[in-house]
Amino acid sequence: MDSIEIGLWVTGGMFLLVVLGMRVAFAAAFAGLVGLIWIFWAKKGYDPEDFTWALTVAVKTAGQVPHGKVSSQALSLIPTFILIGYLAYYAGLTRALFEAAKRWIAWVPGGLAVSTVFATAGFAAVSGASVATAAVFARIAIPEMLKVGYDKRFAAGVVAAGGTLASLIPPSAILVIYAIIVEQDVGKLLLAGFIPGMFSAVIYAGLIIGLALVLPNFGPPVKGFTWKQRFASLPPALPIVAVVVIIIFFVYNPFGGDAWGTPTEGGAIGAFIVFLMAVFRGMRLPELKDALIETAKLSIMIFSIIWGVLIYVRFLGFADLPTAFSDWINSLPYSPMLILICILLGYAVLGMFMDAIGMLLLTLPVVYPAVMALNGGEMVSAADSTFGMSGPMCAVWFGILVVKMAEFCLITPPIGLNCFVVAGVRPDLTVQDVFRGVTPFFIADAVTIALLVAFPAIVLWLPSLA
Amino acid sequence: TFVTEAAATEWNVSVWGKRRAFTEHIHKLADLVSEKTGGEFTMNISYGGLSKNRENLDGISIGAFEMAQFCAGYHADKNRAITVLELPFLGVANLDEEVAVSHAIYAHPAVADEMAQWNAKMLMTSPMPQYNLVGTGEPRDELAEFDGMRVRATGGLGKAFSAVGGVPTSVTSSEAYQAMESGVVDTVAFAQHAHLSFGTINQAAWWTANLNPGTVNCPVVVNIDAYESLSDAEREALDSSVPEAIDYYLSNYGALLQRWDEVLAEKNVTKVMISDEELAKFKDVAGKPIHDAWIAEMSAQGLPAQELYDLVFKTLEDTRAN
Amino acid sequence: MAGHASVLSDDSVLSRLDRGLESVERKMAFVSGLGAFALMVLAVISVSGRNLFNEPLRGYVDWIEAAMPLIAIFGISYVQRTGGHIRMDIVVGALKGRPLWLAEFLTTLAILILMVLLVWGTWAHFDRSFDMSKPNWSRDSSIDIGLPIWPAKLVVPVAFSVMCLRLVLQLWGYGRAFLLGLSEPVAVPMVLSAAEQAALEADQVQGHD
Ligand code: NA
Ligand code: NA
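Residues numbered from 1 in each chain as written. Chains lettered and ligands numbered in written order. Predicted model: local features only at pLDDT ≥ 70, side-chain atom pairs only at ≥ 80, totals over all residues. Heavy atoms only, no water.

### So, the packing of aromatic side chains
Thinking step 1. Tallied over the full model, the rule gives 38 aromatic pairs over all chains.
Thinking step 2. Measuring from ring centre to ring centre gives 5.1 Å for A:Phe275 and C:Phe37, while their planes differ by 75°; the resulting arrangement is edge-to-face. Pair noted here: A:Phe275 is in helix α13 (residues 263-280) and C:Phe37 is in helix α1 (residues 13-53), and the two residues belong to different chains.
Thinking step 3. Residue classification places C:Phe37 among the buried residues on the basis of a relative accessible area of 18%.
Thinking step 4. Among the aromatic residues, those joined into a cluster by ring pairs are C:Trp123, C:Phe126, C:Phe130, C:Trp137 and C:Trp150. (Phe/Tyr/Trp six-rings, centres within 6.5 Å; stacked < 30°, edge-to-face > 60°. Helix = DSSP H or I, 4+ residues; strand = E, 2+ residues; numbered from the N terminus. Buried < 20%, exposed > 50% of the residue type's maximum accessible area, 1.4 Å probe, protein only.)

### Side note on the state of the cysteines
Residue and element names in this part refer to chain A.
Thinking step 1. Under the defined criterion, the tally for this structure stands at 1 disulfide over all chains.
Thinking step 2. Not engaged in a disulfide, the cysteine Cys342 finds its nearest cysteine sulfur in Cys409; these two sulfurs lie 16 Å apart.
Thinking step 3. Overall, Cys342 belongs to the partly exposed group, its relative accessible area being 46%. (Disulfide = S-S within 2.5 Å.)

### Structural notes on the packing of helix α14 (residues 285-319) of chain A against helix α17 (residues 356-375) of chain A
All names here are of chain A.
Thinking step 1. Close contact between α14 and α17 brings their axes to 10 Å; oriented N to C, the two are set at 20°. With respect to α17, the element α14 is oriented roughly parallel. Here α14 and α17 pass one another in a crossing that is right-handed. Contact residues: α14 offers Ile302, Ile305, Ile306, Val309, Tyr312, Val313 and Leu316, while α17 offers Ile357, Leu361, Leu362, Pro365 and Val366. (Axes fitted to C-alpha atoms, helices over the stretch in contact; angles between N-to-C directions. Parallel < 35°, antiparallel > 145°, perpendicular 65-115°, else oblique. Left-handed = near helix turned anticlockwise from the far one by under 90°. Contact = heavy atoms within 4.5 Å.)

### Some points on the UniProt feature "transmembrane region" (unreviewed entry) in chain C
Residues and elements named next belong to chain C.
Thinking step 1. In the UniProt entry, the feature "transmembrane region" (unreviewed entry) is given for residues 28-48, 60-79, 100-125 and 145-169.
Thinking step 2. For residues 28-48, the helix share is 100%, the strand share is 0%, and the end-to-end C-alpha distance is 30 Å.
Thinking step 3. In the segment residues 100-125, helix accounts for 100% and strand for 0%; the C-alpha atoms at its two ends are 37 Å apart. (UniProt positions renumbered as here; feature names shortened; annotations may be inferred.)

### Overview of the sheet that holds strand β6 (residues 150-152) of chain B
Residue and element names in this part refer to chain B.
Thinking step 1. Spatial ordering of the open sheet is given by β7-β6-β8-β5-β9-β11, a layout of 6 strands whose pairing is mixed. In the strand order of this sheet, the two ends are held by β7 (167-168) and β11 (270-272), each with one partner.
Thinking step 2. When strand β5 (residues 132-135) meets strand β8 (residues 187-190), the two strands line up antiparallel, connected through 4 bridges. The partner of Asn132 across the bridge, within β8, is Phe190. (Pairing = 2+ DSSP bridges.)

### Thoughts on the sheet that holds strand β3 (residues 67-69) of chain B
Residue and element names in this part refer to chain B.
Thinking step 1. With mixed pairing, 5 strands are arranged side by side in an open sheet as β2-β1-β3-β10-β4. Two strands bound the open sheet, and with one partner strand each, they are β2 (41-47) and β4 (120-125). Averaged over all adjacent pairs, the angle separating strand axes in this sheet is 25°, with direction ignored.
Thinking step 2. Pairing between strand β1 (residues 9-15) and β2: 7 bridges, direction parallel. Of the residues in β2, the one forming a bridge with Thr9 is Phe41.
Thinking step 3. Of the strands in this sheet, β4 and β10 (219-223) are in contact with helix α4 (residues 95-106), which crosses β4 at around 165°.
Thinking step 4. Across the sheet, helix α11 (residues 232-266) lies against β1, β2 and β4, angled at about 35° from β4, the strand it touches most.

### Considering the pattern of salt bridges
Thinking step 1. Tallied over the full model, the rule gives 29 salt bridges over all chains.
Thinking step 2. As a salt-bridge pair, A:Arg153 and A:Asp151 come within 3.6 Å of each other at their nearest N and O atoms.
Thinking step 3. Look at A:Asp151 and you get partly exposed, because its relative accessible area is 37%.
Thinking step 4. In this structure, B:Asp292 engages B:Lys288 in a salt bridge whose closest nitrogen and oxygen atoms are separated by 2.9 Å. With B:Asp292 and B:Lys288 both in helix α13 (residues 288-300) and 4 residues apart, this pair spans about one turn of that helix.
Thinking step 5. Taken together, the shared-partner salt bridges in this structure form one network comprising B:Asp58, B:Lys78, C:Arg128, C:Asp140 and C:Lys153. (Salt bridge = Lys/Arg side-chain N within 4 Å of Asp/Glu carboxyl O.)

### Considering the environment of A:Met14
Thinking step 1. For A:Met14, the position within the fold is in helix α1 (residues 3-19).
Thinking step 2. Not counting chain neighbours up to four residues away, the residues in contact with A:Met14 comprise A:Ala27, A:Ala28, A:Ala31, A:Tyr312 and A:Leu362.

### A look at a negative patch on the surface
Thinking step 1. A cluster of like negative charges, contributed by B:Glu138, B:Asp141, B:Glu142 and B:Glu145, occupies part of the molecular surface.
Thinking step 2. Of note, B:Glu142 is situated in the loop between β5 and β6. (Patch = residues over 30% accessible without salt bridge, like charges linked within 9 Å, V, L, I, M, F, W, Y side chains within 5 Å. Areas by Shrake-Rupley, 256 points an atom, 1.4 Å probe, with all protein chains shown as cover. Lys, Arg positive; Asp, Glu negative; His and termini not counted. Charge placed at Lys NZ, Arg CZ, Asp CG, Glu CD.)

### Section: the interface of chain B and chain A
Thinking step 1. Facing the 19 residues of chain B at the interface are 23 residues of chain A.
Thinking step 2. Roughly 1700 Å² of surface becomes buried between chain B and chain A when both sides are summed, with 47% attributable to carbon and sulfur atoms.
Thinking step 3. The tally of links from chain B across to chain A stands at 1 salt bridge.
Thinking step 4. When the shortest N-O distance is used, the salt bridge between A:Lys43 and B:Glu66 registers 2.9 Å.
Thinking step 5. Connecting chain B to chain A are 4 residue pairs in polar contact (both at pLDDT 80 or more).
Thinking step 6. Within the residue set of the side of chain B that touches chain A, elements represented by two or more residues are β1, α3 (56-62) and α7 (176-181) of chain B.
Thinking step 7. At 3 residues, α3(B) tops the list of elements feeding residues into the side of chain B that touches chain A.
Thinking step 8. For the side of chain B that touches chain A, the per-class residue count stands at 5 nonpolar, 7 polar and 7 charged. (Buried area = accessible area lost by both parts, 1.4 Å probe. Polar contact = N/O pair within 3.5 Å; in protein donor to acceptor, adjacent residues only side chain to side chain. Nonpolar A, V, L, I, M, F, W, Y, C, P; charged D, E, K, R; others polar.)

Next up, the structure:
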């Protein structure tokens, strides 16, 4: 049996373990380790006397991965981004943002829902995780919308959809993970998420305004805030602006000078500002301790998948499976764009059943090289490429597309996690209610994804400046 | 057929980055070996798939792959003896001399012993020219301007820049471009091929043509068990191909160096010449004192440091005499 | 932000061992969290040093790399204890009673086998970098300032050993539940439906908006 066949069996076995409910991190590591043993033993012609040798080499090879791969400066962004999110609760930033958004934009048709969308977009700038964003805003925004007569299902849908913005708008843990797995520039990917994230928010807002204009009694505007009230709402939300500006400036200086540092430093300085704010707002040692333990739990969960999957990836390196898959994809008699769309649809289906981070980590090692090859290779120039963009830019574009797909899956049945969270917060809402309410946003997301595919410039303009 | 397949030897070779002048001798070696054995002995060269670059020696020690390349400065404590080759201002003038001193040091029993602890045997070097700086902003052509300079330089080179107030800041070679762009480092010390292959030349305003502070040392090693289990014919094919592979490397690199001035002109990079007085000052601080410190430190650890150090200069003399 | 409350307890030996180990695990997780906090402080020092005093933090990257295993791995057992490692629960979520405990027992056993092997592998990784006869006991050092790497490498087999203890307790818990046909066993994370899981996550952020 050649190494490609071993690669396929092991990959199939890994997905079987995942489906049977083995924790993703360990299913991947287990499959990778078995694969390594298999491939080393095969090299010795399956001689029984050599099994111990194969086992030892495989175990020691796998044993390099957890320490070796986790000790990375770029990956240190993940705990930092998670810490920012937890500190932001204590800093009272969510309430402040919603208040500001309400006073400034709730006068448009569908005003409170539009305000909610922009407040979640703003909160996305300090939160790396979608689910947490949905949970927080379910508590703040839904009651206010119900007060002025919104349909409760729709109010819940707005929050569930708005929550997904957190993973595109930097800081975003999932974009960092993508960058690490595909070995691309983290800074460029974070920059690239900014406009598509805002773009998604604008499309959501446009959809809401359109519905409000068409449907009678839908989301009445909320008017009557004085300019004084409006300006008074700004200072408490300012740290968000500071964090956004800092993270951007640490990646890319829009005024043409040097950037201020690395994304790693930018994330950490952002966290520090939010930390000071939280202390100012009354966070004390017990709360800080809780925030640190929660940060640790979420970080460790993510890192376990990372090193687990990287053991599997190390096995793939020995089996050379990604090259084989990539050759196969490129030999298919269909247009590259059609293949790309099929891959994205594949993610939509997989995402219905799987967690976003696990899904990307498990599939990218094989899918990403194939997509890069479709475009003409890692180092292809824009002129020679299939999709009209250079290799590194294609990596950025595909990254934003898959992350947007993964976010889309957070609001689709049957496992749309954001919808469960919103239903969990609101005892008066069932999961079915939230899924009903979020349906219009499927259409908005489908439109967004289609536009990002058709007009890559939306994604690539900002990173191409840096 | 099935029978020849069973008899065939296939080695996995772990390197990193992408194919470049720095790895050409390995590809040449693979071609030669396969040719000489009629395809019986082949090499599979993997760029990063088998190991992380700083763990290649670990992989050899484990037996996960049979051949690998690494650089001494990545992990001085793993390979103390050969760090002599990364001392600043040794005065190596060209790639031929670099090959000669490297191979002389590799043949020293102290080096062989240390490598044997990793189950590794030195096969050949990857000779690198002097690591000169590219930088952003105003050219730094005086020693005083190195104070507080954030420089991407590893091993002995890092020590040399430290001695004049610089701050060595390691980013991996593939992150060097981004680090320069973002101001994490002001300057990057690389050989010419790496300035090209990692794009740092595209960020550069200037290049120091004659700073010549030293270079890094990156051997190619083989796993001892794998080497010993080769058939006589295979081993002969491997050993006899090393000089040819090195020659190929040198001529390939030579062509690259010839193009270098054109590249500088094309990218509009200023060629900075540092005055002899400034160079002498640099050597005073970063040459002899660092050499002496190295000898003292390594002797204390039981290495024949003075012997290794003298071997470098004796080999240089011999090479120049020929 | 309460932790997941999905592990039941009583006064049995198993449950007491579970809670004893949990207090160790929780401290380890707290150390991981402190590491994340230290990362933030380190960046503030590095950036302000560089921009305000033209004195960058020497070995900044080396220190980050040394801290990462502590942050990313040290508390792994606590996450296992609370059932925090993600999985796909379509199949498991549909099971009840003995079939459920059998499935949990088998996947936990597979994880235990994996982790025992990885304790071996990561220990070997540490051991290659450790040599009592050398200065700082070091046979592997960091790239900029030559920090010995063995302490960071040692973190991993230590964390994984604690994880093995946790897995043994969980196997005991699931095995007991299977043999006795229990419906609410102690010392193992209870399977939550996606909705219950979501409600818990939502609870975590309650009161801090
Ligand atoms: Na975000
Ligand atoms: Na879903």
